[in-house]
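Coordinate inspection notes
These are the residues of each chain, in order.
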Amino acid sequence: TVIKCKGIPLIDFKTVNTRYMIRVLIMFLLTFAYYKLLKPVGFLLTTPIYLFASFTLFGYKKKLTAAIIAVVFSVVVYFLFSRVFMVILPRGILG
């Protein structure tokens, strides 16, 4: 089956990699959950979880390194925005 738009083929389901499409769907759902949880839970709790899950989903093998990067990146971004840019990110249950 081929999906076309104005006669131009967009998607040929015979050549679509199912594993890739499942990852894209999971990433979409993960991003939607991050968006919905960001305000009530807070940036400092949701962002490292989101980043770690993203790293893992796309095949990063070193789990401890992924966790450290996710936490350090989240803390650096949080303090950069709050101290340098004076932008308050959602604090959620921590605030």
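The text that follows walks through the structure, step by step, so that each part is easy to find. Note that the coordinates shown come from a computational prediction; the quantities given were computed from them, not determined experimentally.

1. Section: the side chain of Thr-46
Following the sequence through the fold, Thr-46 ends up in helix α2 (residues 43-57). When its relative accessible area of 9% is taken as the criterion, Thr-46 is described as buried. Look past the residues within four positions of Thr-46 in its chain and what remains in contact with it is Tyr-34, Leu-37, Leu-38 and Val-41.

2. Notes on the packing of α2 against helix α3 (residues 63-84)
Orientation of α2 relative to α3, taken along the N-to-C sense of each, is 145 degrees, at an axis distance of 8 Å. Of the two elements, α2 crosses α3, and the hand of that crossing is right-handed. Of the residues in α3, those in contact with Phe-43, Leu-44, Thr-47, Pro-48, Leu-51, Phe-52, Phe-55 and Thr-56 of α2 are Lys-63, Ala-66, Ala-67, Ile-69, Ala-70, Val-71, Phe-73, Ser-74, Val-75, Val-77 and Tyr-78. Among the residues making up the contact of α2 with α3, the classes are represented as 15 nonpolar, three polar and one charged.

3. A closer look at the nonpolar core
Core analysis: the biggest nonpolar cluster contains eleven residues, these being Met-27, Tyr-34, Leu-38, Phe-43, Tyr-50, Leu-51, Leu-57, Ala-70, Val-77, Tyr-78 and Leu-89. Every element with two or more residues in this core is listed here: α1 (18-41), α2 and α3. The element contributing the most residues to this core is α2, with four residues. Setting aside residues no more than four positions away along its own chain, Leu-89 makes contact with Phe-43, Val-77, Tyr-78 and Phe-81.

4. Quick look at a nonpolar patch on the surface
Among the surface-exposed residues, Ile-3, Ile-8, Leu-10, Ile-11 and Phe-13 lie close enough to one another that they form a single nonpolar patch of about 470 Å² accessible area. Sort the elements by how many residues they give to the nonpolar patch and strand β2 (residues 8-12) lands first, with three residues. In this structure, Ile-8 sits in strand β2.

5. Some details on the packing of aromatic side chains
Counted under the stated rule, the structure contains five aromatic pairs. Between Phe-55 and Tyr-60 the ring centres are 6.3 Å apart and the planes differ by 50 degrees, which places this aromatic pair in the tilted class. By relative accessible area, Phe-55 is classed as partly exposed at 28%.

So, how was this worked out
- Residues numbered from 1 in each chain as written.
- Predicted model: local features only at pLDDT ≥ 70, side-chain atom pairs only at ≥ 80, totals over all residues.
- Heavy atoms only, no water.
- Helix = DSSP H or I, 4+ residues; strand = E, 2+ residues; numbered from the N terminus.
- Buried < 20%, exposed > 50% of the residue type's maximum accessible area, 1.4 Å probe, protein only.
- Contact = heavy atoms within 4.5 Å.
- Axes fitted to C-alpha atoms, helices over the stretch in contact; angles between N-to-C directions.
- Left-handed = near helix turned anticlockwise from the far one by under 90°.
- Nonpolar A, V, L, I, M, F, W, Y, C, P; charged D, E, K, R; others polar.
- Core = buried A, V, L, I, M, F, W, Y, C linked by side-chain atoms within 4.5 Å.
- Patch = residues over 30% accessible without salt bridge, like charges linked within 9 Å, V, L, I, M, F, W, Y side chains within 5 Å.
- Areas by Shrake-Rupley, 256 points an atom, 1.4 Å probe, with all protein chains shown as cover.
- Salt bridge = Lys/Arg side-chain N within 4 Å of Asp/Glu carboxyl O.
- Phe/Tyr/Trp six-rings, centres within 6.5 Å; stacked < 30°, edge-to-face > 60°.

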